[in-house]
Amino acid sequence: MEALVVRRLGDPTLAPGEEASPFAAVCGDHPVPELSSPTAVRVHVVAVSLNFATFLQVQGKYQERPPLPFVPVSDYSGVVDAVGSAVSQLRPGDRVCSLAGLGAFAGFIVSDEKLLSIVPDGCDLVTAAALPAALGTSHFALVHRAQLKAGQVLLVLGAAGGVGVSAVQIGKVCGAVVIAVARGVDKFQYLKSIGADHVIDTSKDNFRESVKSFLKAKGLKGVDVLYDPVGGEFTQESLKLLKWGVHILVIGFASGHVPVIGANIALIKNWTIHGLYWSSYLTHRPQVFIDTLNELLSWLSKGMITVKISLRYRLSEAHLAFAALRDRKVIGKVMIVMGSSAIPRL
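Analysis parameters
- Residues numbered from 1 in each chain as written.
- Predicted model: local features only at pLDDT ≥ 70, side-chain atom pairs only at ≥ 80, totals over all residues.
- Heavy atoms only, no water.
- UniProt positions renumbered as here; feature names shortened; annotations may be inferred.
- Helix = DSSP H or I, 4+ residues; strand = E, 2+ residues; numbered from the N terminus.
- Rg over C-alpha atoms; globule rule 2.2 N^0.38 Å.
- Buried < 20%, exposed > 50% of the residue type's maximum accessible area, 1.4 Å probe, protein only.
- Contact = heavy atoms within 4.5 Å.
- Axes fitted to C-alpha atoms, helices over the stretch in contact; angles between N-to-C directions.
- Parallel < 35°, antiparallel > 145°, perpendicular 65-115°, else oblique.
- Left-handed = near helix turned anticlockwise from the far one by under 90°.
- Nonpolar A, V, L, I, M, F, W, Y, C, P; charged D, E, K, R; others polar.
- Pairing = 2+ DSSP bridges.
- Right-handed = clockwise from strand over helix to strand, strands pointing away.
- Salt bridge = Lys/Arg side-chain N within 4 Å of Asp/Glu carboxyl O.
- Phe/Tyr/Trp six-rings, centres within 6.5 Å; stacked < 30°, edge-to-face > 60°.

Looking at an unreviewed UniProt entry, one finds the chain named Enoyl reductase (ER) domain-containing protein, with Urochloa decumbens as its source organism. Listed under Subunit (unreviewed entry) in UniProt, the entry text for the chain is "Homodimer."

Peer 1: It is not clear to me how the overall build of the chain should be interpreted in this structure. Could you clarify?
Peer 2: Across its full length, the chain holds 11 helices and 13 strands. A compact globule built from 346 residues should have a C-alpha radius of gyration of about 20 Å, and the chain, at 20 Å, falls within 12% of that. If you line up the chain on its principal axes, its C-alpha atoms span 60 × 45 × 40 Å. Counting over 346 residues, the chain shows a buried share of 55%. Restricting the contact set of the chain to residue pairs at least 6 apart, pairs at least 24 apart contribute 70%.

Peer 1: What am I meant to see in unusual backbone geometry here?
Peer 2: Most peptide bonds adopt trans geometry, and most residues besides glycine take a negative phi value. A cis amide bond links leucine 68 to the next residue, proline 69, at an omega of -10 degrees. Within the secondary structure, proline 69 sits in the loop between helix H1 (52–59) and strand S2 (74–83). A positive phi is found at glutamine 147, a non-glycine position, where the angle reads about 50 degrees. Tracing the sequence through the fold places glutamine 147 in the loop between helix H3 (131–145) and strand S6 (153–156). A positive phi is found at asparagine 270, a non-glycine position, where the angle reads about 55 degrees. Locating asparagine 270 in the fold gives a position in the loop between helix H8 (263–268) and strand S11 (272–275). With relative accessibility at 42%, the residue asparagine 270 sits in the partly exposed group.

Peer 1: Where do I start with the UniProt feature "domain: Enoyl reductase (ER)" (unreviewed entry) in the chain in this structure?
Peer 2: Mapped onto this structure's residue numbering, the UniProt feature "domain: Enoyl reductase (ER)" (unreviewed entry) falls at residues 28–336. End C-alpha to end C-alpha, residues 28–336 measures 16 Å, and it is 33% helix and 25% strand.

Peer 1: Looking at this model, I keep getting lost on the packing of H3 against helix H4 (residues 162–173). Mind explaining?
Peer 2: What describes two packed helices is the angle between their axes and the distance between those same axes. The geometry of H3 relative to H4 is characterised by a closest axis approach of 8 Å and an angle of 45 degrees between their N-to-C directions. Viewed along their axes, H3 and H4 adopt a mutual orientation that is oblique. Crossing hand, H3 versus H4: right-handed. Of the residues in H4, those in contact with Ala134, Leu135, Thr137, Ser138, His139, Leu142 and Val143 of H3 are Gly162, Val163, Ser166, Ala167, Ile170 and Gly171. For the contact of H3 with H4, the residue count by class is seven nonpolar, six polar and no charged.

Peer 1: Hey, could you run me through the pairing of S11 in this one?
Peer 2: On a regular strand, one side chain projects to one face of the sheet and the next to the other, so that they alternate. In terms of strand pairing, strand S10 (residues 242–250) meets S11 through four bridges, oriented parallel. Counted as the bridge partner of leucine 249 is histidine 274 from S11. Crossover handedness for the path S10 to H8 to S11: right-handed.

Peer 1: Help me understand the packing of H1 against helix H11 (residues 318–326) in this model?
Peer 2: Relative orientation of the contacting elements H1 and H11 amounts to 110 degrees, with a least axis distance of 10 Å. Judged by the angle between their axes, H1 and H11 are roughly perpendicular. Remark: the crossing between H1 and H11 carries left-handed chirality. Between H1 and H11, the residues in contact are Phe52, Thr54, Phe55 and Val58 and Phe322, Leu325 and Arg326, respectively. Residue classes in the contact of H1 with H11 are distributed as five nonpolar, one polar and one charged.

Peer 1: Can you walk me through the sheet that holds strand S7 (residues 177–182) in this structure?
Peer 2: Within a beta sheet, neighbouring strands are joined by backbone hydrogen bonds and run either parallel or antiparallel to one another. Pairing is parallel in the open sheet, where six strands are placed in the order S8-S7-S6-S9-S10-S11. On the outer flanks of this sheet lie strand S8 (198–201) and S11, each paired with one strand and no other. The average undirected angle you get between the axes of adjacent strands in this sheet is 15 degrees. Direction of pairing for S7 relative to S8: parallel, over a ladder of four bridges. Directly across from isoleucine 179, in S8, lies its bridge partner histidine 198. Of the strands in this sheet, S6, S7 and strand S9 (223–228) touch H4, which is tilted by about 170 degrees from S6.

Peer 1: Just checking my understanding: could you explain the pattern of salt bridges for this structure?
Peer 2: Pairing between side chains of opposite charge can happen when the charged atoms of each approach one another. This structure, assessed with the given rule, holds eight salt bridges. Here lysine 240 ties to glutamate 237 by a salt bridge, and the two come within 3.2 Å at their closest N and O atoms. For lysine 240, a relative accessible area of 51% puts it in the exposed group. For glutamate 237, a relative accessible area of 24% gives the class partly exposed.

Peer 1: Looking at this structure, I do not really get the packing of aromatic side chains. What am I missing?
Peer 2: Both the distance between ring centres and the angle between the ring planes are used here to describe each pair of aromatic rings. Taken as a whole and assessed by the stated rule, the structure comprises nine aromatic pairs. When the ring of tryptophan 278 is compared with that of tyrosine 281, the centres are 5.4 Å apart and the planes differ by 40 degrees; the resulting orientation is tilted. Residues tryptophan 278 and tyrosine 281 agree in their burial class; the two are buried. Feature note: the residues Phe23, Phe52, Phe55 and Phe322 constitute an aromatic cluster, connected by ring pairs.

Laid out in structure tokens, this is it:
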């Protein structure tokens, strides 16, 4: 089968087979995984989502470093190919999606039945592959951890990325007033189109002053929930806008800088700081993961949320997909579509 195999840690934007590339050349002779237990399910992969975590993992900068060689982590969708003897809810031909700790960038992957969700009729499999990581992170962070309520103010940093776009949408489903922060006119216009109440283009606007002016105009006292996949200076600026009793959601550090939030300030202002490493729920609370994903699939089938897919690539073009992610020119998601000879650039 086809597989993208990481042989060494390094720059994922280098083409497979190049001397310094972390990837072996993509070819069709990687072994198809066997069913590993009575409850195992083998899935013929249709699409894989590219996330910033994958970029970090290939470089050896992610919080988990699997032994070499490995096939990278991601969320995926596909069609059930084979099932173990104790599998009761799935059968060959069913359409499913999930998030894998390893092995997603390949033609087939094996998962336990309890970690797979059925994709409803009418939902595109490529779209379904984009749900588990980005939208799952935002749904669980906002709905369960921060318990976002209608009328509260949600500030989303990095709002045009995969998790950022999903946070804006889920914030609106919850009835929140959403302030979205991004860079560039295209991202500004898209975030307005999906319902953000106020969008800040950091290429031309003063971030903190823009937020303060909006809050004053609306008669709002400050931010109730901070959704932060960025870190760095924007986190520090955001802290000056937060109300008493705020929920701070630490999603990631796309800026490359881990911010410091003073425990003394958190104490005085009764802030709750949530660290959210979503994929760890697969190990520690798998039913929470599945319940979240099933609700998102229901929302998707009802049109309550959408998924913005900016670019699609073949597996052999994965380095181009990583480059698009690195250059921060993507709005929403970048996808790898398996076994396709002609993929439109959306």
